[in-house]
Structures are given as structure tokens and as C-alpha cells.
Amino acid sequence: MHKIKFRMSGDDLKPRRTRMEIPGWAGQPEKRTDGAHEHAWHCVPFSEYAKYGVEIFYPYKNELRVSTKNGRLILDGDFGSPPDPDRSWPPFRDFGGSYYTYQLLLDLKPEPGYAIKVETHPSFYTDSTGTAPIAVPAIIREWWPMVYFLVFKSPAEGQTHIFRADTPMAQFTMIPAESDVELEPMSFDEAAERELQSRRIHASRETLGADSQWLSTTDTVFDGTYRNIQGAARSATQKK
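Procedures and definitions
The numbers attached to residues start from 1 for each chain and follow its sequence in the written order. Totals for whole chains, interfaces and linings use every residue, but because this is a predicted model, local features are given only for residues with pLDDT of at least 70 and side-chain atom pairs only at 80 or more, for both listing and counting. Computation of side-chain values: all heavy atoms of the structure, hydrogens and water removed. Counting from the N terminus, the helices are DSSP H or I runs at least four residues long and the strands are E runs at least two residues long. The buried label goes to any residue with under 20% of its type's maximum accessible area, the exposed label to any with over 50%, and the partly exposed label to all in between, with areas taken from a 1.4 Å probe on protein chains only. Here, two residues are considered to be in contact whenever any of their heavy atoms come within 4.5 Å of each other. Computed by Shrake-Rupley with a 1.4 Å probe, the accessible areas treat only the displayed protein chains as cover when residues are assessed. Residues enter patches when they are more than 30% accessible in relative terms and free of salt bridges; like-charged ones are connected within 9 Å and nonpolar ones (Val, Leu, Ile, Met, Phe, Trp, Tyr) within 5 Å. In what follows, salt bridge is the name for a side-chain nitrogen of Lys or Arg lying within 4 Å of a carboxyl oxygen of Asp or Glu. Only four residue types enter the charge count: Lys and Arg as positive, Asp and Glu as negative, with His and the chain ends excluded. Taken as the charge location is NZ of Lys, CZ of Arg, CG of Asp or CD of Glu. Each pair of strands is called paired provided DSSP finds at least two bridges between the two strands. Orientation is described by axes fitted as lines to C-alpha atoms, over the contacting stretch for helices, and by angles from 0 to 180 degrees between their N-to-C directions. By this rule, a helix spans an expected 1.5 Å times one less than how many residues it contains. By definition, a residue's bend is the angle between the axes fitted to the seven residues ending there and the seven starting there. In protein, a polar contact means a hydrogen-donor-capable atom and an acceptor-capable atom, both N or O and within 3.5 Å, with residues adjacent in sequence counting only if both atoms are side-chain atoms; elsewhere, any N or O pair within 3.5 Å suffices.

**Q** Could you clarify how one ought to interpret the overall build of the protein in this entry?
**A** A tally of helices and strands in the protein yields three helices and 15 strands. Each principal axis of the C-alpha distribution contributes one length, and for the protein these read about 65 × 45 × 35 Å. When burial is assessed residue by residue, the protein has 33% of its 240 residues classed as buried. Across the protein, the fraction of contacts at a sequence separation of at least 24, relative to all contacts at a separation of at least 6, is 68%. When the accessible surface of the protein is split by element, carbon and sulfur atoms take 53% of a total near 15700 Å².

Quick look at the structure:
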């Protein structure tokens, strides 16, 4: 099992493995059945992505509303007096108008050979109000011992991003420190094998997903083909 060690400069921030909040930002606990509305948690690839990292939450009771009016960034929130005289306060600052920063009192240390990737929290992709904060992606190396600061994208003119108590702000994942990936076309045999596998799955879909097919409120047909194959592949891997 891989580990990310963390150090907090304060007690108001508690990182944890990202969880799908149901009910909540991941949707409602509707079963996969005819007439149900599709929710983010119904999608296995998205669910796996969402639970892959470490999430952090807005730790303050006072709500912060970030907006852009007449080209000017407005940070509207009452944070009162600084809890510590040496602490940068308020924790949010304008960063060139198009962005703003948040002083995060957290230091994450990945294992040697890995780095920490900052990501927008997956709840952004399910937000229908346009108020979810947008964390700007970044990669922080293992040797960096300083507490992080996060950069957020400013909302468009007339829009407002809202930070609410105990709501997720961003997500971190541990990735290989060097991206040594090289794109290479498949060989003829590899491509033929993948195509054959694809056709077999397509031809067997009614069987593989027979007990899990359902029609959503938007007349979209869902089934558990991917989910069933994933379970089988995971079981085969664990037996090796």
C-alpha cells in the first residue's frame, strides 16, 4: 500500500481519502432501475476517478463569495481577526485578477519517485449552479517541504463561486514524479486483438448486462457490462 504523509500547520484542516457523497454532490441514492435519473455515482469510471485521491474541505464557518464585476475580482467574506499573529490573513488573495490564491496550511509528502498533483475537486463536474470553486492543476514535487497554497480560477463576469463550511475545495492525487509516457501506434496484431475483444463484448452485451439493464429518465440505456468485467478483472488480478 502506498502512503502520503501529511503535516498540518493548524487544526482547522483535515484531509481524507475522497468519498462519493450520496446523497450529495455525487447524486441521490436512486437504484439502477427503469425510470431512475442517472447520477454521477452510476458511472464506474467517474466513481473510480473521484475516489482515487485525497480531498480537503473549506474549514471556515463564514462563507466566502468570489465574483467578478466590471472586470474586478471581489472576495466577499468576513474572516474577522487572524487566529494567529504570524498567519497570512485573510487566507484568500487576488492573484492577477484572473486567479486568486488560498493559503493552505497543509504539507503533503509522497513516497520517493512520486509527486502530488493538485486537481479540481470532482464535485465541480456535478455542480449545476455554477458556484463550485475551480482549483488550478499543479504538480508539487516530493522535495518541497513548504505548506501549499492553492490557485483558483476566477469566475467569469457576473458569476459567483462560493466556499461553504465543510464543502470540498480541491483534490490531490499521488502520481509518478516523471511522465515518461511515449505515444506509440498499436501494431497490426495488437489493434486486431483489441478490435476482436471489442466486438466480442458488443456481441455479448445483452448477456453480460442482462440483469442490470435499465432506462433512465432521459431515455438512456444503461447496463452493468463495464462494471461486471471490471469485477472479473479485479478478481483475476487478486488471484495472481
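**Q** Could you clarify how one ought to interpret a negative patch on the surface in this entry?
**A** On the surface, a cluster of negative charge is contributed by Glu182, Glu184, Asp189, Glu190 and Glu193. On the secondary structure map, glutamate 190 appears in helix α2 (residues 188–208).

**Q** Looking at this model, I keep getting lost on the pairing of strand β3 (residues 54–57). Mind explaining?
**A** On any regular strand, side chains alternate: one points to one face of the sheet, the next to the other face. A two-sided burial pattern is seen for β3, the buried positions comprising Val54 and Ile56 on one face and Glu55 and Phe57 on the other. Of the pairings in the sheet, the one linking strand β2 (residues 16–17) to β3 comprises two bridges and is antiparallel in character. Residue pairing in the sheet places arginine 16 in a bridge with glutamate 55 of β3. Pairing analysis gives four bridges linking β3 to strand β13 (residues 168–176), with the strands arranged antiparallel.

**Q** Is there a simple way to think about the sheet that holds strand β6 (residues 92–95) in this case?
**A** Two orientations exist for strands paired in a sheet by backbone hydrogen bonds: parallel and antiparallel. The strand order across the open sheet built from three strands is β6-β7-β11, with neighbouring strands paired in antiparallel fashion. Each having just a single partner strand, β6 and β11 (149–153) make up the two edges of the open sheet. Going from strand to strand, the sheet's axes swing by 30° on average, the running direction of each strand aside. Where strand β7 (residues 99–103) meets β11, five bridges bridge the pair, whose relative direction is antiparallel. By the bridge assignment, tyrosine 99 is partnered in β11 with lysine 153.

**Q** Before we go on, may I ask you to explain the side chain of threonine 173 in this structure?
**A** Following the sequence through the fold, threonine 173 ends up in strand β13. Apart from residues lying up to four places away in sequence, threonine 173 is in contact with Tyr52, Gly53, Ala115, Ile116, Lys117 and Glu119.

**Q** Would you take a moment to explain α2 for this structure?
**A** Residues spaced three or four apart along an α-helix face the same direction, because each turn holds 3.6 residues. The terminal C-alpha atoms of α2 lie 28 Å apart, and with 21 residues this matches the ideal 30 Å at 1.5 Å per residue to within 8%. Maximum bend of α2: about 35°, positioned at histidine 202.

**Q** Please explain the pattern of salt bridges as it appears in this structure.
**A** Side chains that carry opposite charge are capable of pairing whenever their charged atoms lie near each other. The tally for this structure, following the rule as stated, stands at eight salt bridges. The residue glutamate 55 makes a salt bridge to arginine 16 at a minimum N-O spacing of 2.7 Å. In this pair, glutamate 55 sits in strand β3 while arginine 16 sits in strand β2, placing the two residues 39 residues apart along the sequence. On the basis of relative accessible area, arginine 16 is assigned to the partly exposed category, the value being 21%. Measuring nitrogen to oxygen at the nearest pair gives 2.8 Å for the salt bridge that ties arginine 199 to glutamate 195. Taken together, the positions of arginine 199 and glutamate 195, both in helix α2 and four residues apart, correspond to about one turn of that helix. For arginine 199, a relative accessible area of 56% gives the class exposed. Counted as one network, the salt bridges with shared partners bring together Arg16, Glu21 and Glu55.

**Q** Could you clarify how one ought to interpret the environment of threonine 18 in this entry?
**A** Of note, threonine 18 is situated in the loop between β2 and α1 (44–50). Residues threonine 18 and tyrosine 52, 34 residues apart in the sequence, show an inter-C-alpha distance of 6.9 Å. When near neighbours in sequence (up to four residues on either side) are disregarded, threonine 18 contacts Ala50, Lys51, Gly53, Val54, Glu55, His121, Pro122 and Gln171. Here the side chain of threonine 18 touches glutamine 171 through a polar contact of 2.8 Å, side chain to side chain.

These results come straight from atomic positions and should not be treated as a statement about function.
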